[in-house]
Amino acid sequence: EQRFRASGDTFRVLVAGGGTGVTTLALARQLSAVGGLQWSVVHLDLTPASIAVAKRRRAANGLSKHGTFVQASLYYVKLDQLGGEAFDYIDCAGVLHHTPDQDGGLANLASLIHNTPSRVGGIGLMVYGTLGRSGIYEFREQLRLLAGETPSAAKIALARRLLSAAPSSHPLARNPNGGLAGYLSMDDQELVDTLLHVHDVPYQVPGVYALAKAAGLDVVSWPSWMQYEPCAYLGRPDPELCQQTLSLDVSARYAFGELLAGNIQTHEFYLAPPGSNAVRHAPSSDAPVAATTFASPFNGFVQSLALDAIPIVRACSDDLQSLCRLF
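Reading the values: the criteria
- Residues numbered from 1 in each chain as written.
- Predicted model: local features only at pLDDT ≥ 70, side-chain atom pairs only at ≥ 80, totals over all residues.
- Heavy atoms only, no water.
- Phe/Tyr/Trp six-rings, centres within 6.5 Å; stacked < 30°, edge-to-face > 60°.
- Buried < 20%, exposed > 50% of the residue type's maximum accessible area, 1.4 Å probe, protein only.
- Helix = DSSP H or I, 4+ residues; strand = E, 2+ residues; numbered from the N terminus.
- Disulfide = S-S within 2.5 Å.
- Pairing = 2+ DSSP bridges.
- Axes fitted to C-alpha atoms, helices over the stretch in contact; angles between N-to-C directions.
- Patch = residues over 30% accessible without salt bridge, like charges linked within 9 Å, V, L, I, M, F, W, Y side chains within 5 Å.
- Areas by Shrake-Rupley, 256 points an atom, 1.4 Å probe, with all protein chains shown as cover.
- Salt bridge = Lys/Arg side-chain N within 4 Å of Asp/Glu carboxyl O.
- Contact = heavy atoms within 4.5 Å.

Draft legend 1. Inspection of the packing of aromatic side chains at higher detail. On inspection of all chains with the given rule, the structure shows eight aromatic pairs. A centroid spacing of 5.2 Å and a plane angle of 80 degrees characterise the contact between F4 and F11, whose relative ring orientation is edge-to-face. According to the relative accessible area criterion, F4 is buried, its value standing at 10%. Their ring planes at 40 degrees and their centres at 5.5 Å tell us that W222 and F269 sit as a pair that is tilted. You can see W222 sitting in the loop between β8 (218-221) and α10 (231-234) and its partner F269 sitting in strand β9 (residues 266-272), a full 47 residues away along the chain.

Draft legend 2. Here's a closer look at the state of the cysteines. All chains considered together, the criterion is met by one disulfide. With a sulfur-sulfur separation of 2.0 Å, C231 is cross-linked through a disulfide to C242. Here the disulfide of C231 and C242 is right-handed, its torsion about the S-S bond being about 95 degrees. Placement of the pair is C231 in helix α10 and C242 in helix α11 (residues 239-245), with a sequence separation of eleven residues. Neither C231 nor C242 differs from the other in exposure class; each is buried.

Draft legend 3. View of the sheet that holds strand β3 (residues 68-71). Pairing in this open sheet of seven strands is mixed, and the strands run β3-β2-β1-β4-β7-β9-β8 from one edge to the other. Looking at the sheet topology across the chains shown, the edges are occupied by β3 and β8. Ignoring strand direction, the axes of neighbouring strands in this sheet form an average angle of 25 degrees.

Draft legend 4. Broad picture of a nonpolar patch on the surface. Together, L248, F256 and L260 line one region of the surface with nonpolar side chains, adding up to about 220 Å² of accessible area. Turning to its location among the elements, F256 is positioned in helix α12 (residues 250-261). Overall, F256 belongs to the partly exposed group, its relative accessible area being 33%.

Draft legend 5. A look at the pattern of salt bridges. In total, this model carries eight salt bridges according to the counting rule given. A salt bridge links E141 to R144; its shortest N-O distance comes to 2.8 Å. With E141 and R144 both in helix α5 (residues 136-147) and three residues apart, this pair spans about one turn of that helix. With its nearest N and O atoms 3.1 Å apart, the salt bridge here joins R253 to E229.

Draft legend 6. Looking closely at the environment of A173. Position of A173 among the secondary structure elements: in the loop between α6 (153-165) and α7 (179-184). Judged by its relative accessible area of 26%, A173 falls in the partly exposed class. The sequence separation of A173 and S134 amounts to 39 residues, and the corresponding C-alpha distance is 9.2 Å. Apart from residues no more than four positions distant in its own chain, A173 is found in contact with P167, S168, G179 and L180.

Draft legend 7. Broad picture of helix α4 (residues 102-110). Those residues of α4 not exposed but buried are Q102, G105, L106, N108, L109 and A110. Considering only its buried residues, α4 is in contact with β1 (11-16), β4 (89-93), β7 (122-128), α9 (205-214) and β9.

Shown next as structure tokens:
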């Protein structure tokens with residue numbers, strides 16, 4: 001904030017795949033609360049109807065003078081369509097995994113951020129997690145065999161009948177995030193997005209790092225890093241095993257933690273060009289520890305964490321300050 005106030009530069013944000021504007025509005029509100037900051041938010045989406053809703057949301061919240069709306073594909077859009085200047089931050093949540101070429105989409109987004117020694121941009125992504133979506137893809141194949149590819153009212157009704165009739169041995173019944181009853185309770189819109197979507201590609205932690213590398217970026221931050229930490233699960237029953245996992249580098253440790261948890265539905269992470277000074281928050285084996293416990297909900301269950309076995313983050317970004325104060 002201090003650097004942007006001093007320079008007078010405009011902090012530029014792109015919401016790639018902004019849909020009906022929920023994220024665009026949230027970011028605009030957040031930026032408007034920062035006094036003395038020049039900022040703009042560009043909303044990018046392919047669908048005119050979604051953009052129209054997003055515009056109404058912006059106007060209803062008194063933010064009409066900030067930002068622009070662009071109808072284009074995140075694969076092919078160029079800076080001259082987006083105001084001509086690179087971005088300081090790009091948000092792309094729940095979009096990339098629905099596209100046919102995730103590597104190509106992220107590579108184009110990477111070309112839109114600032115990447116100079118004096119000004120480096122970053123990207124925030126959310127993609128689906130493989131393990132927390134167990135049974136979903138098998139259920140989709142059942143629906144495809146009976147009703148084809150295209151979602152319809154009849155297909156929604158068929159999905160509900162299958163959910164009601166499926167045996168307890170069905171992999172969706174063993175899904176750690178709600179099981180058959182949880183999906184049956186969804187409204188039609190959520191049911192279509194979750195179980196009837198024609199295309200999505202889920203990821204595990206190694207795939208996240210591969211996705212970043214293919215776009216020439218580094219994974220620099222996991223806001224929900226605690227759910228990937230093996231010690232969050234092993235610290236109380238087996239402190240020695242917890243300590244052994246701390247010898248792994250972050251990517252391997254988090255891959256291990258994801259397999260251990262087995263229920264992570266989505267991955268949220270931040271990316272930046274290699275060598276940038278972006279804030280990284282990940283525990284290191286030589287950090288101090290705290291001796292206390294608390295209960296935290298992790299994707300559908302409550303896990304008691306032995307914090308005396310979890311290294312404390314040395315440098316905390318703004319979104320982790322409350323957690324650090326707890327320590």
